[in-house]
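Next come the chains, spelled out residue by residue.
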Amino acid sequence: MRLLIVEDEKRLALSLAKGLTAEGYAVDVVHDGLEGLHMASENPYDLLILDIMLPGMNGYRVCATLRAAGNDVPILMLTAKDGEYDEAEGLDTGADDYLTKPFSYVVLVARIKALLRRRGSAGSASPVIELGEFRVDTAARRVHRGEEEIVLTAKEFAVLEQLSLRAGEVVSKSEILEHVWDFAYEGDPNIVEVYVSTLRRKLGAALIKTVRGAGYRLEAAR
């Protein structure tokens, strides 16, 4: 899952990004409302964490502009204000949820997971993907072979999730990098091969096929 944080408190934004990256999300961060609007309009994010008090354009206007353009990305608003009027205004502009600072990081993660589950349900998509003997639960972020749980790290699961969501299709290395790491990743692109190799070792070599020169394909049935 790819998230965008639009927050002008840089220490808070980077702290959230670090924590959410450890949870297995790909996270982009910007500190200005106009830049946030541009990023959210140009990239396919799964969720937007949007502060209200921002330079350039406030969060209310960013949210309203995205909704007016038909962008239905889930939006979790953050604000230092506290009051029913602020919450109502935020939700009236199209936000999906609202969190007042200071907030618990655990609560933030729970709200994010709830919004992502809700989005999946709204699209009639089951959070559990059946792949032959494997069950990939994208909500609980767990994988089972029959009754046995196969323990994956956050990044391993994120790579598997991208392949599972498009089971039977070829997914390029660049697409995996974009959704599991972030758009600005400048490390070794072969990191994808490392994680695919680990997944093959844990799940079985036959599950993920290499399509030479194109990417990887997760077999829909085994």
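Moving on, we come to the UniProt feature "modified residue: 4-aspartylphosphate" (unreviewed entry) in the chain. Listed under "modified residue: 4-aspartylphosphate" (unreviewed entry) in the UniProt record, and renumbered for this structure, are Asp-51. Asp-51 gets classed as buried once you look at its relative accessible area, which sits at 3%. Excluding residues within four positions of it along the chain, Asp-51 makes contact with Val-6, Glu-7, Asp-8, Gly-59, Leu-78, Thr-79 and Lys-101.

Moving on, we get to helix α7 (residues 173-180). Taken together, the buried positions of α7 are occupied by Ile-176, Leu-177, His-179 and Val-180. In this fold, the buried residues of α7 make contact with β1 (2-6), β2 (26-30), α6 (154-165), β10 (170-171), α8 (191-203) and β12 (215-218).

Turning our eyes to something else, we now look at the sheet that holds β10. If you walk across this open sheet you meet the three strands as β10-β12-β11, and the pairing is antiparallel. At either margin of the open sheet sits one strand with a lone partner, and together these are β10 and β11 (208-211). Pairing geometry for β10 and β12, over two bridges, is antiparallel. Among the inter-strand pairings, Val-171 is bridged to a residue of β12, identified as Tyr-216. The strands that α6 touches are β10, β11 and β12; relative to β12, the one it contacts most, it runs at about 70°. Seen against the sheet, α8 touches β11 and β12 and runs at an angle of roughly 145° to β11.

Relative to the helices and strands, Ser-164 resides in helix α6. For Ser-164, a relative accessible area of 4% gives the class buried.

Definitions and cut-offs
Residues numbered from 1 in each chain as written. Predicted model: local features only at pLDDT ≥ 70, side-chain atom pairs only at ≥ 80, totals over all residues. Heavy atoms only, no water. UniProt positions renumbered as here; feature names shortened; annotations may be inferred. Buried < 20%, exposed > 50% of the residue type's maximum accessible area, 1.4 Å probe, protein only. Contact = heavy atoms within 4.5 Å. Helix = DSSP H or I, 4+ residues; strand = E, 2+ residues; numbered from the N terminus. Pairing = 2+ DSSP bridges. Axes fitted to C-alpha atoms, helices over the stretch in contact; angles between N-to-C directions.

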